[in-house]
Structures are given as structure tokens and as C-alpha cells.
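Notes for the structure review
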Amino acid sequence: MSDLTRPSAAHDAATRGFNLFGFLARYGTVIALVLLIAFNFAYTRNFATLQTLNVNLTQVCTIVIVAVGMTLVIGTGGIDLSVGSLMAISGALAPMIFLGTIFPVGNIYLAVALAMIASILVAGLFGLFNGWLVSRFRIQPIVATLVLFIAGRGIAQVMTNGNLQTFRVPQFQWIGLARPLGIPAQVIIMAVLVAAAAWALHRTVFGRSILAVGGNEKASELAGIAVSKIKLAVYAISGLCAGLAGLVVIAINSSSDANLVGLGMELDAIAAVAVGGTLLSGGKATIIGTLLGALTIQLVRYTLLANGVPDAAALVAKAGIIAFAVWLQQQHRV
């Protein structure tokens, strides 16, 4: 065969190298999001309005905040089922402080600052407890975090005696209701958190260590990475994110109900992470993908509801998206 008729090596490699499953695993979420937006522009009434944009963004913010921490945990090959309960603990503790239930604080601004800091830190300490169980006692993450998944909401209910806490404290509620420059405050918080986490995951030694631990824990130990410290850190960060999300939820609702705050949030966060392209087995994680995954799931739900489909069907659709995303990951790895 002459040089003119022989296929080039580059062409050969390109032909063999294209992997449909790999392409979909990498860009499927973006494609789905673009198609959903195009469909809504064409068929959903009043979609192209600022009000619709605000509704979708505000509804997805708390999921993304929790999912950022979940992404880091899953990046190490772990999982955190306790985030919803930690939201309930944070959401129960904050009003008890700024309303003076535990002890009186004369200055409302000081009371609110103390409530926010203490609540987020307590949630972070509970996350650290999860990491301690996983790293020190080698308990499977799903079992270790199941402890607080069950007990955490009970702790929140005991703290409040099962009572609903209502309040009107603008100094605190800005975190969920303020609109600086017309942008919801929780959207700004979400954007800052996503940007910081994305930078840390891909531009710092800590971020690369997370992915190394998830990819091969034994090799990471041999390479000198402090695996136990990395696990403690990611579970603590997950707790801090859950604590912050709990404050946003109660600020929006002007009330705190330990029975409902964060209920089912762990599943929404895991779904966003999986749909966004992070491997549930660890070793590969993407914060931007998690954001896109959460937006895709939210937009699917909005599209169905806006076009008269019952919410139960939206839940079925969400489950189908998650199943497809996980299946796609498995095909890409085969």
C-alpha cells in the first residue's frame, strides 16, 4: 500500500479514540442543560423572565452549598448521609442563640454573629466526628455517617423540645432574603463557595490530595499523603457547608422546624454530585459539574411542574436521571 492510500496515524487514532460514553460522561450534563433551556424557551410560558431565573436559582442554592462539601467527600471515595441532620442542628441552634433562649445577648448584631458562627462551627465539629469514625476506626463511610443521619435530627428535636421556632430578625434573615444589586444573597454565597472550592480542588495540594486518596488510598499513603487528615478535613468541610445551608433555609422560611429542615437533602446533594460527573467511587471530582448537575435536576423539576406534570412524576424523572448518570459512569470506566 502506498503512502497516498494508507490512512494517516492521526486519523487512525482519532477513529479509534472517540468514545461515545466518555463524551457523554464528560459533556452530557452541559448538553442536557442546554436542551432543557432551549425547550423551556420554546414551550414554557414566562420562562424568559428574571422572576423565573430567581426562582430556580434560589431553590437550587442550598442544594449546591451542601453538594460542594459532598463533592469533596465523594472525591475521597466516601459519602456523607448526615448533611440533612446537620442542617437541622444548625437551624435549631441559631435561633436559640439570637432569640436569647440559651442566654441573653444584649446587642442583636452580636447575637446574630455569634449564632451564625457557633451554628456553622457545631455542624463542622459533627462533620469532624464523621471523619474521625471513618479515618480512625476504618468504619465504612455509609455506616459512619448513618449514625448522625439517625441521631442528628433527634439531637435537633431535643434541643428545641420538638417546637417550631419562629422569628422576624432582619439582621439574620439577610442571608436568605436580601438582594444586594438585585441578586439574592444566597446566590452570591453559593457562587463564592463554588468558586473557592473549584479553585482549591484543582489548584492546591489539598485538592490534588483529595483526588489521590479517592483514586488509590494505599498508593497515597506510600506517597506520603496524610490520608487520615485529608478525610478529617473533607468531612469537616461537608459539615460546615451543611451548617451554612441550614441557616439559609431557616432565614428564608422565618422559622426553624427540626423535623423538616434539611429533610432529604443528602439525597439531593448526592444526586447533584453524580449527575455532575463526579465518580461515586472517588478519584475524580468536579465542583462546576456539581453546580451544573444541581441546575439540571432543578430545571427538570421546574419544566415538568410548569407544564402541568405532577410533582410525583418529577421525582420519578429525577430518579431516572440519577440512574442514567451512574450507569454512564460505569460504561465510561469499562
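Below, the structure is looked at part by part.

Cut-offs used in this document
- Position labels on residues start from 1 in each chain and follow its written sequence.
- Reporting of local features is limited, given that this is a predicted model, to residues whose pLDDT is at least 70; pairs of side-chain atoms are given and counted only at 80 or more, and all residues count toward the totals for whole chains, interfaces and linings.
- Just so you know, side-chain values use all the structure's heavy atoms and leave hydrogens and water out.
- We count a salt bridge whenever a side-chain nitrogen from Lys or Arg sits within 4 Å of a carboxyl oxygen from Asp or Glu.
- Numbering of helices and strands runs from the N terminus, with a helix taken as a DSSP run of H or I at least four residues long and a strand as a DSSP run of E at least two residues long.
- Under the scheme applied here, a residue whose accessible area is under 20% of the maximum for its type counts as buried, over 50% as exposed, and between as partly exposed, the area being computed with a 1.4 Å probe on protein chains only.
- Only protein atoms enter the calculation, which uses a 1 Å grid: trapped sets of points that fit a 1.4 Å probe without letting it out are cavities, open sets showing protein on both sides within 12 Å along at least five of seven lines are pockets, and any residue with an atom within 4 Å of a point is a lining residue.
- Grid points are joined across faces, edges and corners, and a volume is the space filled by probe spheres set on the points.
- When residues are grouped by polarity, Ala, Val, Leu, Ile, Met, Phe, Trp, Tyr, Cys and Pro land in nonpolar, Asp, Glu, Lys and Arg in charged, and all others, Gly among them, in polar.

Thoughts on the pattern of salt bridges
All chains considered together, the criterion is met by 4 salt bridges. Across the salt bridge formed by E217 and R138, the nearest N and O atoms sit 3.0 Å from each other. Residue E217 is found in helix 10 (residues 217–222), and its partner R138 is found in the loop between helix 5 (108–136) and helix 6 (141–160); the two are separated by 79 residues along the sequence. On the basis of relative accessible area, E217 is assigned to the partly exposed category, the value being 24%. Its salt-bridge partner being E221, residue R138 comes within 3.7 Å of it at the nearest N-O pair. In this pair, R138 is assigned in the loop between helix 5 and helix 6 and E221 in helix 10, connecting sequence segments 83 residues apart. According to the relative accessible area criterion, R138 is exposed, its value standing at 54%. Through salt bridges with shared partners, one network takes in R138, E217, E221 and K231.

Thoughts on the layout of surface pockets
Think of a ball as big as a water molecule: rolled over the atoms, this probe shows where empty space is left. Its volume calculated, the largest pocket comes out at about 680 Å³. Around the largest pocket sit 29 residues that line it, and Q59, T62, I63, M265 and D268 are the ones nearest its centre. Secondary-structure elements contributing two or more residues to the lining of the largest pocket are helix 3 (50–75), helix 7 (170–177), helix 8 (185–203), helix 11 (227–253), helix 12 (265–275), helix 13 (287–306) and helix 14 (311–333). Here the residues of the lining of the largest pocket are counted per class, giving 15 nonpolar, 9 polar and 5 charged. Size it by volume and the second largest pocket reaches roughly 340 Å³. Contributing to the lining of the second largest pocket are 20 residues, with G28, T29, V275, F324 and A325 lying nearest its centre. Contributions of two or more residues to the lining of the second largest pocket are made by helix 2 (20–43), helix 12, helix 13 and helix 14. The element best represented in the lining of the second largest pocket is helix 2, accounting for 7 residues.

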